[in-house]
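# Architecture and fold: a report
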Amino acid sequence: MGGAVVDEGPTGVKAPDGGWGWAVLFGCFVITGFSYAFPKAVSVFFKELMREFGIGYSDTAWISSILLAMLYGTGPLCSVCVNRFGCRPVMLVGGLFASLGMVAASFCRSIIQVYLTTGVITGLGLALNFQPSLIMLNRYFSKRRPMANGLAAAGSPVFLCALSPLGQLLQDRYGWRGGFLILGGLLLNCCVCGALMRPLVAVAQPGSGPPRSSRRLLDLSVFRDRGFVLYAVAASVMVLGLFIPPVFVVSYAKDLGVPDTKAAFLLTVLGFIDIFARPAAGFVAGLGKVRPYSVYLFSFSMFFNGFADLAGSTAGDYGGLVVFCIFFGISYGMVGALQFEVLMAIVGTHKFSSAIGLVLLMEAVAVLIGPPSGGKLLDATHVYKYVFILAGAEVLTSSLILLLGNFFCIRKKPKEPQPEVATAEEEKLHKPPADSGVDLREVEHFLKAEPEKNGEVIHTPETSV
């Protein structure tokens, strides 16, 4: 679990670590940005939706919740589709779904219809793009995979900084319906990214038939891997508290008497730090001396994040919250850059498509429990300090699960000798030493004199019938 798995992909083609892989990386960057930033960016339309349909904030908040639930909860469905049809067709259909959902939402007459279009259809479309893009990134990069994951993960904060102001501008000029229509057209770029995902094809060897694929539509055998089980449990516990601070930090600042504009600037600080933290974490994880211990680096990033939450709970003024957002942004970026890299290292390319779907399904439950549990605690105590302590305790627990489980429960498998090495060793054993100085005539005389010692049967009256 602690080491990186370097494999050659499902088609037997070694990852090129460059070339067309940079186009795949760009596509993954864009898809990651849309997938993670879009559920947050649509929140700028909430006030208009409340005025249009006469509903409350909690009703509009369900739009983002359904989007995230579809992104995480449809993981196994995406795995089945990818293993059945391939990454590129699934992403093209997903891009159409994502765009169609937002375009249809611009004609909705009730909030329920918005749930079904923006939440379910667009959410499903983003899910059908996000997971296959990570699978293709894993197939195109091996040695440079940590850096590629870090650069792709940077799409989330970059798009968040871009989509939120864009959404506000569209709402001011065209209203929420025009804004949804234009964003739907913008999501068609997911189809362009899907077209970039050119599959790797193995070169047929002379005399060999076409390669056969024995991959299951959903490989549940990953649960036999203790490393995967530990990772899935730790990641699920982590997600319980990971998203709580970004949700409540602005309200925390307002509760301290900070003006609205300055309070909202805290998320800008967090996002700006996150942009640089993700590629930096990917670069560090790709270093030769660090990569074999990537799981421990991931555990440290979770510990760092949980410790930042606990420290943020002690903030008593705006300056303290700014410092918290800086350190939280660093740790949050590290987690974002390393989470899928570590999963790839644990299960390898062949099982990654199934593994990521199952992990996202488990995280979907945690996503729906985490922020609401923080809200319940805030309603009961009216103290933001306890909310941050809860988040920090959950993330710290996940880091300890991963660290201690990997250290005590995972045993490295003995390395199996390579066929070439084994053949060479056998030849070496059967080959007489070159400088032994033994006369070949003596050896021949010895073999004829004592054949029974060399596996031959001596026909004597005792051994003959």
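Keep in mind it's a predicted model, so treat the numbers as computed, not measured.

### Points about the overall build of the protein
Regarding its fold elements, the protein presents 17 helices and zero strands. Across the protein, the fraction of contacts at a sequence separation of at least 24, relative to all contacts at a separation of at least 6, is 87%. Within the structure as shown, the protein displays about 23,100 Å² of accessible surface, and the carbon and sulfur contribution to it stands at 66%.

### Describing helix H13 (residues 294-312)
Compared with the 27 Å implied by 1.5 Å per residue over 19 residues, the 27 Å span of H13 between its first and last C-alpha is a close match. Within H13 the residues assigned to the buried category are Ser-294, Val-295, Leu-297, Phe-298, Ser-299, Ser-301, Met-302, Asn-305, Gly-306, Ala-308, Asp-309 and Gly-312. Buried residues in H13 make contact with helix H10 (226-242), helix H11 (244-255), helix H12 (260-285), helix H14 (318-381) and helix H15 (384-408).

### Considering the side chain of Asn-406
The topology assignment puts Asn-406 in helix H15. The exposure class assigned to Asn-406 is buried, which follows from its relative accessible area of 5%. Here the side chain of Asn-406 touches Tyr-296 through a polar contact of 2.6 Å, side chain to side chain.

### Focus: a nonpolar patch on the surface
Judged by side-chain polarity, Leu-400, Leu-403, Leu-404, Phe-407 and Phe-408 come together as a nonpolar surface patch covering roughly 490 Å² of accessible area. Within the secondary structure, Leu-403 sits in helix H15.

### A word on the nonpolar core
Among the nonpolar cores identified, the biggest contains 118 residues, and Phe-34, Phe-38, Ile-63, Phe-228, Phe-298 and Leu-343 are the most heavily contacted of them. Two domains share this core, each providing at least three of its residues, namely domain 1 (15-199) and domain 2 (216-411). What Phe-38 contacts, discounting residues up to four positions off in sequence, is Gly-33, Leu-67, Met-102, Thr-122, Leu-126, Leu-163, Leu-183 and Leu-187.

### Focus on the confidence of the model for the protein
For the protein, per-residue confidence averages 81 on the pLDDT scale, and 82% of positions sit at 70 or higher. Ignoring residues within four places in sequence, the model shows residues 412-423, a span with pLDDT below 50, making zero contacts including any to other chains. Note that pLDDT drops below 50 for residues 433-438; the model gives that stretch one contact with residues more than four away or on any other chain.

### A look at unusual backbone geometry
Although it is not a glycine, Asp-17 adopts a positive phi angle of roughly 55°. Among the structural elements, Asp-17 can be located in the segment before helix H1 (21-41). One non-glycine residue, His-382, adopts positive backbone phi at about 60°. Along the chain, the position of His-382 falls in the loop between H14 and H15.

### Quick look at the environment of Phe-352
Secondary-structure assignment places Phe-352 in helix H14. With 130 residues separating them along the chain, Phe-352 and Val-222 place their C-alpha atoms 9.1 Å apart. Leave out the neighbours within four places in its chain, and Phe-352 touches Leu-134, Ile-135, Asn-138, Phe-340, Leu-343, Met-344 and Val-347.

### Things to note about the side chain of Ser-106
If you trace the backbone, Ser-106 turns up in the loop between helix H5 (87-105) and helix H6 (111-140). According to the relative accessible area criterion, Ser-106 is buried, its value standing at 7%. At a separation of 2.5 Å, a polar atom in the side chain of Ser-106 contacts the main-chain carbonyl oxygen of Val-103. If near-sequence neighbours (up to four positions away) are discounted, Ser-106 is found in contact with Trp-176, Arg-177, Phe-180 and Leu-181.

### Some thoughts on the packing of H10 against H14
Put simply, H10 and H14 touch, their axes get as near as 8 Å, and they point 155° apart. Taken together, H10 and H14 sit at an angle that is classed as roughly antiparallel. As H10 runs across H14, the sense of the crossing is left-handed. Of the residues contributing to the contact of H10 with H14, the split by class is 23 nonpolar, four polar and one charged.

### Notes on the environment of Glu-52
The residue Glu-52 is located in helix H2 (residues 46-53) in this model. In sequence terms Glu-52 and Arg-109 are 57 residues apart; their C-alpha atoms lie 9.1 Å from each other. Among residues more than four places away in sequence, those in contact with Glu-52 are Trp-176 and Arg-177.

### Quick word on the pattern of salt bridges
Considering all chains together, one arrives at five salt bridges under this definition. Glu-52 is paired through a salt bridge with Arg-177; the nearest N and O atoms lie 3.2 Å apart. A residue pair is termed long-range when its members are at least 10 positions apart, and Glu-52 in helix H2 and Arg-177 in helix H8 (residues 155-186) qualify at 125 residues. Here Arg-177 falls in the partly exposed class, since its relative accessible area comes to 21%. Close ionic contact of Arg-278 with Asp-274 constitutes a salt bridge, the shortest N to O distance being 2.8 Å. Taken as a pair, Arg-278 and Asp-274 lie in helix H12 at a separation of four residues, close to a single helical turn. Residue Asp-274 is classed as buried on the basis of its relative accessible area, which comes to 3%. Residues participating in the shared-partner salt-bridge network are Arg-145, Arg-291 and Glu-341.

### Details of the packing of H1 against helix H7 (residues 145-153)
Interaxial distance between H1 and H7 falls to 7 Å at its minimum, and their mutual angle equals 40°. The orientation of H1 relative to H7 falls into the category oblique. Counting all contacts with H1, which are made through Trp-22, Leu-25, Cys-28, Phe-29 and Thr-32, the residues of H7 involved are Met-147, Ala-148, Leu-151, Ala-152 and Ala-153. Residue composition of the contact of H1 with H7, by class: nine nonpolar, one polar and no charged.

### Quick word on the packing of aromatic side chains
Under the definition given, this model contains 19 aromatic pairs. For the ring pair Tyr-36 and Phe-130, a centre distance of 5.3 Å and an interplane angle of 80° mean the geometry is edge-to-face. Taken together, the positions of Tyr-36 in helix H1 and Phe-130 in helix H6 put the pair 94 residues apart, joining distant regions of the chain. When sorted by exposure, Tyr-36 lands in the same class as Phe-130, which is buried. Directly above the ring of Trp-20 sits Arg-198, whose terminal nitrogen or CZ lies 4.3 Å from the centroid.

Rules of the game
Along each chain, residue indices are assigned from 1 in the same order as the chain's sequence is written. Note on the predicted model: pLDDT of at least 70 is required for a residue's local features to be given, and 80 or more for side-chain atom pairs to be given and counted; whole-chain, interface and lining totals, by contrast, use all residues. Computation of side-chain values covers all heavy atoms of the structure but excludes hydrogens and water. For the purposes of this entry, the term helix denotes a DSSP run of H or I that reaches at least four residues, the term strand denotes a run of E that reaches at least two, and both are numbered from the N terminus. A contact between two residues is defined here by any heavy atoms of the two lying within 4.5 Å. Residue exposure ignores everything except the shown protein chains as possible cover, and the areas themselves are Shrake-Rupley values with a 1.4 Å probe. Residue count minus one, scaled by 1.5 Å, sets the expected span of a helix. Any residue under 20% of the maximum accessible area for its type is buried, any over 50% is exposed, and the rest in between are partly exposed; the area is computed with a 1.4 Å probe on protein chains only. In protein, a polar contact means a hydrogen-donor-capable atom and an acceptor-capable atom, both N or O and within 3.5 Å, with residues adjacent in sequence counting only if both atoms are side-chain atoms; elsewhere, any N or O pair within 3.5 Å suffices. Note on patches: the residues involved have over 30% relative accessible area and no salt bridge, like charges join within 9 Å, and the nonpolar side chains Val, Leu, Ile, Met, Phe, Trp and Tyr join within 5 Å. Salt bridge criterion: a side-chain nitrogen from Lys or Arg within 4 Å of a carboxyl oxygen from Asp or Glu. As used in this record, nonpolar core signifies buried Ala, Val, Leu, Ile, Met, Phe, Trp, Tyr and Cys residues forming a set joined through side-chain atoms within 4.5 Å. Domain delimitation in this document rests on an assignment produced automatically or drawn from a domain database. Summary of the metric used: pLDDT quantifies the predictor's per-residue confidence within the range 0 to 100. In this description, a line fitted to the C-alpha atoms serves as the axis of each element, helices being fitted only across the stretch in contact, and the angle between N-to-C directions of two axes falls anywhere from 0 to 180 degrees. For classification purposes, an angle smaller than 35 degrees is called roughly parallel, one larger than 145 roughly antiparallel, one from 65 to 115 roughly perpendicular, and anything else oblique. Helix crossings fall into two classes, left-handed where the near helix is turned counterclockwise from the far one by less than a right angle and right-handed where it is turned clockwise. Under this grouping Gly is polar, as are all residues other than the nonpolar Ala, Val, Leu, Ile, Met, Phe, Trp, Tyr, Cys and Pro and the charged Asp, Glu, Lys and Arg. Pairing of aromatic side chains requires ring centres within 6.5 Å, counting the rings of Phe and Tyr and the six-membered ring of Trp. Pairs whose planes differ by under 30 degrees are stacked, by over 60 edge-to-face, and all others tilted. Consider the ring centre and the ring normal. A charge sits over the ring if Lys NZ or Arg CZ is within 6 Å of that centre and within 35 degrees of that normal.

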